[in-house]
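So the chains spell out like this:
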Amino acid sequence: MRRTSASLVAGALVAALAWASSPSSPAVALEPSAGVADLTQDINQILSDSRLTIARAGVVVKSAATGEELYATDAGKLLTPASNTKLFTSAAAAETLGLDYRFPTTVLSSGRKAGSVLAGDLVLRGTGDPTMLADDYDALAAKVAAAGVKVVTGKLVADDTWFDAQRLGNDWSWDDETAYYAAPISALTASPDRDYDAGSVIVSVALSPGADGDKVKVSTTPETGYLKIVNRATVGSATDVLIERQHSTRTVVITGTVKDPYQEWVAVDDPTAYVASLFRSSLSKHGVKVLGPTAAGAAPAEAKELARHESMTLGELLVPFMKLSNNIHAEILTKAMGRKVAGQGTWSAGLKVSTDFAKANGVQVINMRDGSGLSRRDGFSPGSIVQLLTAVRSKPWFDTWYESLPIAGNADRFVGGTLRSRMRNTPAANNVHAKTGSLTGVTSLSGYVKSAEGEPLIFSIMLNQYLSGSPKDIEDKIAIRLAQFTRATATADATQLRATEQGEAGDLECSWLKPVQC
C-alpha cells in the first residue's frame with residue numbers, strides 16, 4: 001500500500017481531530033446572515049442548470065459547529081445513492097467489526113499425518129479476505145510443505161461456508177455479471193493486484209514478434225489456467241480490442257485489433273473454484289501432491305490448522321475500499337457483519353446490521369438492498385446521509401474513517417481517490433473529504449468541507465434521472481461554493497464557480513474505468 005509523508009499524515013490527523021472535536025450542538029434558530037442568504041441564492045442558481053430541468057436534485061448543507069441547516073432542497077426525498085451507500089456500509093463495519101478486524105485464511109488437515117503423508121483431506125478455509133493475492137496462497141502452500149506434508153491422499157477441499165452461496169447482489173444488472181466491479185462474492189477469493197479487486201483477473205494483450213511476423217499474445221495476472229482464453233484478435237494499425245468473459249462460463253473471448261499493449265479486469269465466474277486452482281498449483285510447485293480431486297465443502301470440526309494468513313486490519317482496508325470505491329469490499333464487509341452479529345454470512349443478515357446501525361444514529365429514510373450501491377433499489381434521502389455524517393463524528397473510529405474518504409484535487413490515488421482529478425486549484429482542493437457515487441443517470445457527492453472561515457460543514461448532493469451530460473461539475477460547483485462560504489459576505493457569481501480538470505468520464509466511478517485510470 002502506498003505510504004504518505006509524515007507531514008501529510010500529521011496534517012491529516014490535525015484535520016481529523018478538528019472534525020472530531022467540533023461541537024455537535026442541536027440546530028439553533030438563527031436569523032439568516034447575509035452570507036447564508038447569498039449561499040442559498042448561489043446554490044439555487046447552480047441547481048438551475050438545464051440538465052436538471054427534468055431530473056431530481058436533493059441537497060442538504062449543515063453546520064457541524066452549530067447544527068444549523070444552511071441549505072436544503074428535497075431533503076427528505078428518497079433518491080438513488082449509488083456508491084454513497086458505502087458511507088453506511090463502511091461506518092457500520094467500523095462500528096460492528098472494529099478497526100482491528102482481520103480476515104483469517106487457513107489451511108487445515110482432516111486426517112492423520114504419518115511421516116510426509118497426510119491420510120485425509122487438505123482444507124483451504126476462507127472468511128472473505130478481499131486482499132488475498134496469488135502470492136499469499138503460494139505462501140500458504142509453502143507453509144504446508146514446511147510442515148512436512150508431501151502427499152495428501154484425500155481431496156483438496158475449498159471451504160467457503162463462512163458466507164452463503166449467493167454470489168451476486170440483489171437487483172444487480174445481468175450485463176454487469178462479467179464486470180470486475182460486480183464480481184461474485186465468496187468467502188474464498190483472490191485479487192490480481194494491490195487495488196484488491198477481489199474475484200477478478202487482469203487479461204492483457206500485446207504484440208509478440210515471431211519468424212512469421214507479429215502475433216497477438218495474451219497473458220493473465222496472476223498466471224492461471226483457470227480461464228479458457230479464445231484469442232481472435234489480430235494485429236492492426238490501432239488498438240481496438242474487446243476482452244470479454246462469456247456469461248456464466250470461464251471462457252474469455254478476445255476480438256478486434258491490437259497495436260499497443262492493453263488490459264482489462266475480468267470477473268471470474270466462481271471465485272472459490274478459481275482460488276482452489278491457484279492453491280493446488282502452488283502446492284504442486286512446492287512439492288505437495290494432492291491425490292484426490294478438488295471439492296467444495298466445510299472443514300470437519302476436528303480438523304487441525306497447518307497454516308494461517310491474516311489480512312490487513314479493517315482500518316487499513318478502508319483506504320482502498322473508500323478511496324477507490326471498491327464494490328466487492330462493501331459486499332464482503334456486509335456479509336462479514338452478518339456473520340458476526342447473527343452467525344449468518346448473508347446479505348440479509350448484514351444489511352440488517354447496517355440499517356440497524358443507521359437507525360440507531362437517527363437516520364430515518366433508508367432502503368438498503370446491497371452494501372455497495374450497485375442496486376438501483378437502494379434509496380436514501382440527502383437529509384439521512386447528512387444525519388449519518390453528523391452522528392459518526394462522535395465515534396472513536398471517526399478519524400480513521402474520515403481520512404479514508406476521497407480528498408478533492410489530491411493527485412495521489414490513495415489520498416484523492418475518486419476525487420483526485422476534481423476541484424483542483426480551487427478552495428475545495430485538499431479540503432473536501434467526500435464519497436462519490438455514479439450510475440447511469442445517477443451521481444452523488446456527500447461529505448465534509450471547511451468554509452473560508454474554517455467552519456466545518458456537512459453536505460449531501462444527490463442528482464437523479466438526468467438524461468445526458470454528467471452533472472458532476474454541478475456537485476463540484478456546490479462544494480467549491482461551500483469552501484468559499486462566509487457568514488458575513490457574498491462570494492463570486494455562482495456561474496463562475498466551475499470545477500477544473502473534470503476527471504470522471506460519463507456516468508462511471510473513476511475507479512471503474514480501468515485500465516484508463518482517470
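We now turn to the structure provided with this report. (Residues numbered from 1 in each chain as written. Predicted model: local features only at pLDDT ≥ 70, side-chain atom pairs only at ≥ 80, totals over all residues. Heavy atoms only, no water.)

### Considering unusual backbone geometry
Omega for the peptide link from Thr221 to Pro222 comes to 0°, which places this bond in the cis form. Topologically, Pro222 is positioned in the loop between strand S10 (215-221) and strand S11 (228-231). One non-glycine residue, Ala82, adopts positive backbone phi at about 50°. Tracing the sequence through the fold places Ala82 in the loop between strand S2 (69-73) and helix H3 (85-96). With phi around 60°, Tyr196 is a residue other than glycine that occupies positive phi space. Along the chain, the position of Tyr196 falls in the loop between strand S8 (156-159) and strand S9 (200-208). Note on Tyr196: relative accessible area 3%, which makes it buried. (Helix = DSSP H or I, 4+ residues; strand = E, 2+ residues; numbered from the N terminus. Buried < 20%, exposed > 50% of the residue type's maximum accessible area, 1.4 Å probe, protein only.)

### Structural notes on the pairing of strand S21 (residues 433-439)
Most of S21 is tucked away, with seven of its seven residues classed as buried. Side chains His433, Lys435, Gly437 and Leu439 of S21 all project onto a buried face; the interleaved residues Ala434, Thr436 and Ser438 project onto the opposite face, where all are buried too. With seven bridges joining them, S21 and strand S22 (residues 442-450) adopt antiparallel strand pairing. Along S22, the bridge assignment pairs His433 with Tyr448. Where S21 hands over to S22, the hairpin turn is made up of two residues, of which Gly441 adopts a positive phi near 80°. (Pairing = 2+ DSSP bridges.)

### Observations concerning the packing of aromatic side chains
Within a pair of aromatic rings, the relevant descriptors are the distance that separates the centres and the angle that separates the planes. Enumeration according to the criterion identifies eleven aromatic pairs in this entry. Here Phe88 and Phe380 contribute two aromatic rings whose centre-to-centre distance is 4.3 Å and whose plane-to-plane angle is 20°, an arrangement assigned as stacked. Residue Phe88 is located in helix H3, and its partner Phe380 is located in strand S20 (residues 379-380); the two are separated by 292 residues in the primary sequence. Each member of the pair, Phe88 together with Phe380, is buried. Ring plane angle 75° and centroid distance 5.7 Å describe the contact between Tyr180 and Tyr181, whose orientation is recorded as edge-to-face. (Phe/Tyr/Trp six-rings, centres within 6.5 Å; stacked < 30°, edge-to-face > 60°.)

### Some words on the packing of H3 against helix H7 (residues 327-342)
In the contact formed by H3 and H7, the axes pass within 10 Å of each other and the chain directions differ by 40°. Classified by the angle between their axes, H3 and H7 sit oblique to one another. Read as a crossing pair, H3 and H7 show a hand that is left-handed. Residues Lys86, Thr89, Ala92, Ala93 and Thr96 of H3 lie in contact with H7, whose contacting residues are Asn327, Ala330, Leu333, Thr334, Met337, Lys340 and Val341. Considering only residue class, the contact of H3 with H7 consists of six nonpolar, four polar and two charged. (Axes fitted to C-alpha atoms, helices over the stretch in contact; angles between N-to-C directions. Parallel < 35°, antiparallel > 145°, perpendicular 65-115°, else oblique. Left-handed = near helix turned anticlockwise from the far one by under 90°. Contact = heavy atoms within 4.5 Å. Nonpolar A, V, L, I, M, F, W, Y, C, P; charged D, E, K, R; others polar.)

### Let's talk about the nonpolar core
Grouped together as the largest cluster of nonpolar side chains are 62 residues, with contacts concentrated most on Leu87, Phe88, Leu97, Leu314, Val392, Trp401 and Tyr448. Looking at this core, the elements that each hand over two or more residues are H3, strand S15 (262-267), helix H6 (314-323), H7, helix H8 (347-360), helix H9 (382-391), helix H10 (398-404) and strand S23 (456-464). In this structure, Met132, Leu188, Val201 and Phe279 belong to the second largest nonpolar core, which totals 39 residues. (Core = buried A, V, L, I, M, F, W, Y, C linked by side-chain atoms within 4.5 Å.)

### Examining the pairing of strand S1 (residues 56-63)
Most of S1 is tucked away: seven of the eight residues are buried. By the bridge criterion, eight bridges tie S1 to S23 in an arrangement that is antiparallel. Considered in S23, the bridge of Val61 is made with Phe459. In the sheet, S1 pairs with S2 via four bridges, with the strands oriented antiparallel.

### Describing the packing of H6 against H7
Closest axis-to-axis distance for the H6/H7 pair is 9 Å, and the angle between their directions is 145°. Considering how the two elements wind past one another, H6 and H7 form a crossing that is left-handed. For the pair formed by H6 and H7, the contact residues are Leu314, Leu317, Pro320 and Phe321 on the first element and His329, Ala330 and Leu333 on the second. The class makeup of the residues in the contact of H6 with H7 is six nonpolar, one polar and no charged.

### Here's the deal with H8
Compared with the 20 Å implied by 1.5 Å per residue over 14 residues, the 20 Å span of H8 between its first and last C-alpha is a close match. Along H8, the positions that sit buried rather than exposed are Trp347, Ala349, Gly350, Leu351, Val353, Ser354, Thr355, Phe357 and Ala358. Each element contacted by the buried residues of H8 is listed here: H3, H7, strand S19 (366-367) and H9. Two residues or fewer after H8 comes Gly362, characterised by a positive phi angle close to 90°. (Expected span 1.5 Å × (residues − 1).)

Taken by themselves, the reported measurements are silent on function.
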